[in-house]
Amino acid sequence: MAAAAAAMVAAVSLAAVLASAAAQAEVRWEVSYLTLEPLGDAQKVIAINNQFPGPLLNVTTNQNVRVNVQNNLDEPLLITWDGIQMRMNSWQDGVSGTNCPIPPGWNWTYQFQLKDQIGSFFYFPSLGLQRAAGGYGPITVNNRATVPVPFGQPDGDITLFIGDWYTKSHIELRNMLDDGRDLGAPDAILINGRAPYRYDTTLVPDGLQYEIVGVEPGKTYRFRVHNVGISTSLNFRIQNHNMLLVEAEGTYTNQQNYTNLDIHVGQSYSFLVTMDQNASTDYYIVASPRFISNPQRSQVTGVAILQYSNSKGNASGPLPDAPNDYYDKYYSINQARSIRMNTSAGAARPNPQGSFHYGSINITQTFVLKNEAPLRINGKRRRTINRISYSPPETPLRLADLHNLTGVYTTDFPAMPSNVPAKIASSALNASYKGFLEIVFQNNDTDVQAYHLDGYSFFVVGMDYGEWTPDRRNEYNRWDAISRCTTQVFPGGWTAVLVSLDNVGIWNLRAEKLDNWYRGQEVYVKVPDPLGYNITEMVTPDNVLYCGLLKDRQKPQVHESNSKSSAQAEAGYSSRFLATVMLAVAAVIFS
């Protein structure tokens, strides 16, 4: 009886999978340099299909996605998908621990399913500080029609990319970091790749292109805002308009109004904004630096224009004020704590988000991950976690596992910080499939940190200033903590997250601040297949690239330049996907 019931459940699951597999989104992207003048002088940016920022990837929950990427840069390329969980499929994650880079002149097709996800995310190039030159773009994952959204249909959807920007190229910035120098103050804060509106004639030169967001009076718009910058936390606000927060990185939030919100590097939010002001003038959209010690940074502010269709004049006067953390360092942390999950709303599935009672699950593993001020290791200025500065091996970790290579990396990353001498190493956290992991980020530096975990969302259950101790667990939010993939850690403080390890693979845990990431502030979390024969993970893609110790396996490039080859590739992907599903069904029936 049990086997028959399991078979019935498996058959229903298989039918659902096959139905969802029929839905597919397919795009082709050409990644190349484009000469633009975001701050008045010509500089090379990384564009996708000649767009900067790149094109919108607009998809729906459970769709299969194929993105064929042509690398027209003069250096290797990987695209990663910030917040997309790549269920059972770390092969498509687009970071150095899972994928060999796409060589210059080659193309490669990413193939993945948006399994049980909704929300606002973005993609970007993950290697060598390339995001500092652009290459990023929006991902919008829409609900299926059968799953209600916990707010009315907006009258429009607006994406805003905010982030710090340098006139130096990403190669020059890379060389600065290699030489042990800091990047210093950015030259500007861009909004959608454009310069600030000339709100101050002494600070902003004349003649720069700025972003104009056109709206209709009385209508409500969904603003999806992403901080895609290099290292600067930003405060976002719209003059005289309330911003109703409704979603954070794939989780519907308790709906509450904010006049401003701190958005840290790598974070994404959705707001509903109603055009309820008169149109005597345009209004400022502002992104200004937060938690800054360099006075120059306070003069670098991103400003766009919100323009009603019946506007009668230009925006003028002072910008709306940002909070001042020097007088109230708890403002931002209390604001972060106020962002809670909407436990009565469904997300990708009809059941409420809060039905997963994470607060009653026993913790099976704890990792306390401490970062410090830069350390000098082997003569190099490096960033560390638990005194280990990660160095990516030439062979991706996941490929090394598949081919039983030894010596590529170790799984001895320390679970707790210590005062041992700092070292450069390629080591991973060894985690347990189906475990419930507690990660505590301890920030012993003077700057805000932002950490991101690929393959998962985690519950941000606590944050505070000071040193974390086990008794701080009594303060955790065990009911409606926000579930997201990127969290901030305040200087001299800690942030605790809980994550259910239900996604086999090797997953990148990184500092989202590009300079810290580049200097080694990352680690991989290894969640191994417990059965060892890929029932809980997709099989290796047919188009896998080889490098490092496996470079001799690489076959000559086959370009997907016509519909026939594309169809053949899709058939191969579908057959591999079906094979994985059938193995999973068999495991259920015969277990």
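Report follows, based on the coordinates. (Residues numbered from 1 in each chain as written. Predicted model: local features only at pLDDT ≥ 70, side-chain atom pairs only at ≥ 80, totals over all residues. Heavy atoms only, no water.)

On inspection of all chains with the given rule, the structure shows 1 disulfide. What pairs with C100 in a disulfide is C547, and their sulfur atoms sit 2.1 Å apart. Between C100 and C547, the disulfide has an S-S torsion of -85° and is therefore left-handed. Of the two residues, C100 is situated in the loop between β5 (79-82) and β6 (107-113) and C547 in the loop between β33 (522-527) and α6 (563-590); the sequence distance between them amounts to 447 residues. (Disulfide = S-S within 2.5 Å. Helix = DSSP H or I, 4+ residues; strand = E, 2+ residues; numbered from the N terminus.)

Our next topic: the environment of Q43. Tracing the backbone shows Q43 in strand β2 (residues 43-48). Between the C-alpha atoms of Q43 and S169, which are 126 residues apart in sequence, the distance is 7.5 Å. Setting aside residues no more than four positions away along its own chain, Q43 makes contact with L34, T35, L36, P38, W165, Y166, T167 and K168. A polar contact of 3.4 Å, which involves the side chain of Q43, links it to the backbone oxygen of T167. (Contact = heavy atoms within 4.5 Å. Polar contact = N/O pair within 3.5 Å; in protein donor to acceptor, adjacent residues only side chain to side chain.)

If you walk through the whole model with that rule in mind, you get 27 salt bridges. Between R194 and E211 there is a salt bridge; the shortest N-O distance is 3.8 Å. Placement of the pair is R194 in the loop between β10 (188-191) and β11 (212-215) and E211 in the loop between β10 and β11, with a sequence separation of 17 residues. Overall, the relative accessible area of 33% leaves R194 in the partly exposed class. (Salt bridge = Lys/Arg side-chain N within 4 Å of Asp/Glu carboxyl O. Buried < 20%, exposed > 50% of the residue type's maximum accessible area, 1.4 Å probe, protein only.)

On to the packing of aromatic side chains, then. Geometrically, a pair of aromatic rings is defined through the distance of the ring centres and the angle of the planes. Across all of its chains, the model carries 25 aromatic pairs by this definition. Plain terms: the ring middles of Y197 and Y284 are 6.2 Å apart, the flat faces sit at 55° to each other, and that makes the pair tilted. You can see Y197 sitting in the loop between β10 and β11 and its partner Y284 sitting in strand β18 (residues 283-289), a full 87 residues away along the chain. Residue Y197 shares its accessibility class with Y284, and that shared class is buried. Seen from their ring centres, F441 and Y451 are 4.4 Å apart, and the 10° between their planes marks the pair as stacked. Of this pair, F441 sits in strand β26 (residues 436-444) while Y451 sits in strand β27 (residues 449-453); the two residues are 10 residues apart in sequence, bridging distant segments of the chain. Residues F441 and Y451 agree in their burial class; the two are buried. Geometry around Y33 places K44 over its ring, the cationic atom sitting 4.3 Å from the centre. Positioned above the aromatic ring of Y465 is the side chain of K329, whose terminal nitrogen or guanidinium carbon lies 4.5 Å from the ring centre. (Phe/Tyr/Trp six-rings, centres within 6.5 Å; stacked < 30°, edge-to-face > 60°. Lys NZ or Arg CZ within 6 Å of the ring centre and 35° of its normal.)

Attention now moves to the sheet that holds strand β1 (residues 24-36). Strand order across the open sheet formed by 4 strands is β2-β1-β4-β6, with mixed pairing between neighbours. Each edge of the open sheet is held by one strand with a lone partner, namely β2 and β6. Averaged over all neighbouring strand pairs, the angle between strand axes comes to 20°, with direction disregarded. Pairing of strand β4 (residues 64-71) with β6 involves 7 bridges; the strand directions are antiparallel. What sits directly across from V69, in β6, is W108. (Pairing = 2+ DSSP bridges. Axes fitted to C-alpha atoms, helices over the stretch in contact; angles between N-to-C directions.)

Reading across from one edge, β11-β19-β18-β13-β16 is the order of the 5 strands in this open sheet, with mixed pairing throughout. Each edge of the open sheet carries a strand with a single partner, namely β11 and β16 (261-263). Taking the axes of each pair of neighbouring strands and ignoring which way they run, one obtains an average angle of 25° across the sheet. As defined by bridge partners, β18 adjoins strand β19 (residues 302-308) across 5 bridges and the pair is classed as antiparallel. In the strand pairing of β19, Y283 is matched with L306.

W81, Y110, F223, F236 and L306 are the most contacted members of the largest nonpolar core, which has 101 residues in total. It is strand β28 (residues 458-465) that contributes the most residues to this core, 4 residues altogether. Excluding anything up to four places from it in sequence, F223 contacts I158, L160, V213, I238, Y269, S270, F271, V273, M275 and L306. In terms of nonpolar packing, the next biggest core, distinct from the first, is built from 32 residues, L129, A132, Y166 and V303 among them. (Core = buried A, V, L, I, M, F, W, Y, C linked by side-chain atoms within 4.5 Å.)

Those residues of helix α2 (residues 170-178) that fall on the buried side of the exposure criterion are H170, L173, R174, M176 and L177. Relative to the axis of α2, the buried residues are bounded by an arc of 160° and lie together on one face. Those residues of α2 that are buried lie in contact with β1 and α5 (514-518). Looking one or two places after α2, you find G180, whose phi comes out positive at around 85°. (Arc of directions from axis to C-beta.)

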